[in-house]
Amino acid sequence: MKNQQVMENNKSAIPTIIGMAIMILLTVTKAVPSSNIAGYSVFVGIAFFFIVEAVSKTPNAESGLRFNTIVEDIKKPSVIVWMLLPGVSGIVALVVGNLIFGGEFVAHVMGRTSSILSFDKTALLIGQVIIAAFGEEIAYRGFFLGKGMKIFPFWLCAVVSSLAFAAGHIAAGNIGLVVYDVAAVFIDSLIFSVIYHKSRNCVISTFSHILGNAISLVAVFLFF
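Now for a look at the structure at hand. Here the structure is a predicted model, which is why all the values come from computation and not from measurement. Within each chain, residues carry numbers counting from 1 in the order of the written sequence. With the structure being a predicted model, the display of local features is reserved for residues of pLDDT at least 70 and the display and counting of side-chain atom pairs for 80 or more, all residues being used for whole-chain, interface and lining totals. Computation of side-chain values covers all heavy atoms of the structure but excludes hydrogens and water.

Looking at the overall build of the protein chain
Let me state the cut-off plainly: Only DSSP runs of H or I reaching four residues or more are called helices, and only runs of E reaching two or more are called strands; each is numbered from the N terminus. The quantity called the radius of gyration is restricted to C-alpha atoms. Its globule counterpart is 2.2 Å times the number of residues to the power 0.38. For every residue, the accessible area obtained with a 1.4 Å probe (protein chains only) is divided by the maximum for its type, and the residue is called buried under 20%, exposed over 50%, and partly exposed between those limits.
For the protein chain, the helix and strand inventory stands at 9 helices and 0 strands. For the protein chain, the α and β elements follow one another from N to C terminus as α-α-α-α-α-α-α-α-α. The C-alpha radius of gyration computed for the protein chain amounts to 18 Å, which stays within 12% of the reference 17 Å derived for 224 residues, consistent with globular compactness. When the backbone C-alpha atoms are referred to their principal axes, the protein chain occupies close to 60 × 40 × 30 Å. Among the 224 residues that make up the protein chain, the fraction classed as buried is 46%.

Quick word on the packing of aromatic side chains
Ring pairs (aromatic) are described by centroid distance and by the angle formed between their planes. Selection criterion: Centres within 6.5 Å are what make two rings of Phe, Tyr or Trp a pair, Trp counting through its six-membered ring; a difference in plane orientation under 30 degrees is then read as stacked, over 60 as edge-to-face, and the rest as tilted.
Enumeration over the complete set of coordinates arrives at 8 aromatic pairs. Where Phe49 meets Phe50, the ring centres are 5.1 Å apart and the plane angle is 90°; that geometry is what we call edge-to-face. Judged by its relative accessible area of 0%, Phe49 is buried. Accessibility expressed as a relative area gives 45% for Phe50, which makes it partly exposed. Ring geometry for Tyr140 versus Phe165: centroids 5.2 Å apart, planes at 70°, classification edge-to-face.

With respect to the nonpolar core
Under the convention used in this document: For the purposes of this section, nonpolar cores are sets of buried Ala, Val, Leu, Ile, Met, Phe, Trp, Tyr and Cys residues that join through side-chain atoms within 4.5 Å. Here, two residues are considered to be in contact whenever any of their heavy atoms come within 4.5 Å of each other.
By size, the foremost hydrophobic cluster in this structure holds 34 residues, and its most contacted members are Met23, Leu65, Tyr140, Phe143, Leu145, Ile195 and Ile204. Elements with a contribution of two residues or more to this core: helix 1 (2-28), helix 2 (40-55), helix 4 (79-101), helix 6 (122-145), helix 7 (154-167), helix 8 (175-199) and helix 9 (202-223). Here the element with the most residues in this core is helix 8; it accounts for 7 residues. Aside from chain neighbours lying at most four places away, what touches Leu145 is Tyr140, Phe154, Cys157, Ala158, Ser161, Ser193 and Tyr196.

Below, the structure written as structure tokens:
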């Protein structure tokens, strides 16, 4: 059984590394102001998630994307606590960002998300937040982290995937403001990585991602 698992991991290693490399290269293009292809890293991650699962013939019970074990996975030790942290970190980021940069921080965040979120249409906004979070979690936690840590150490995959994830959120602006914004995204990504590591299910990290984004959006509309 162990030898079979090793063989399956070896078969999936090449497509995993290729997918991770493409995602990193795409997010690096954010360094070019006129580039707008970094967002395709999410689609690449989603595609490679299913490719690797197919190549390795991953059983449903071991898949990084499971709906039938949601309740069991949420009940795993400290998962709920970690799931609530992005909501807290989002509020802290807004408060501190507002103290340091004033209204510029909120304007910056709203500006970089306005291309994918319809802030003037509540029902559509809710759907967009859910779809965006789900796609990012399959790509960066289900694939990059989940498949990556079968080859590399968890901490390395968590840091590299979080750096790539944060880089994908870079938007033009004051250098201090951009660094602060990207650092906040990086911290949230590390939290999502821990949630995935504990639950082994990117549906759980998606719930946390959606909750964190929703709390931040409500806070922006009500207080900022």
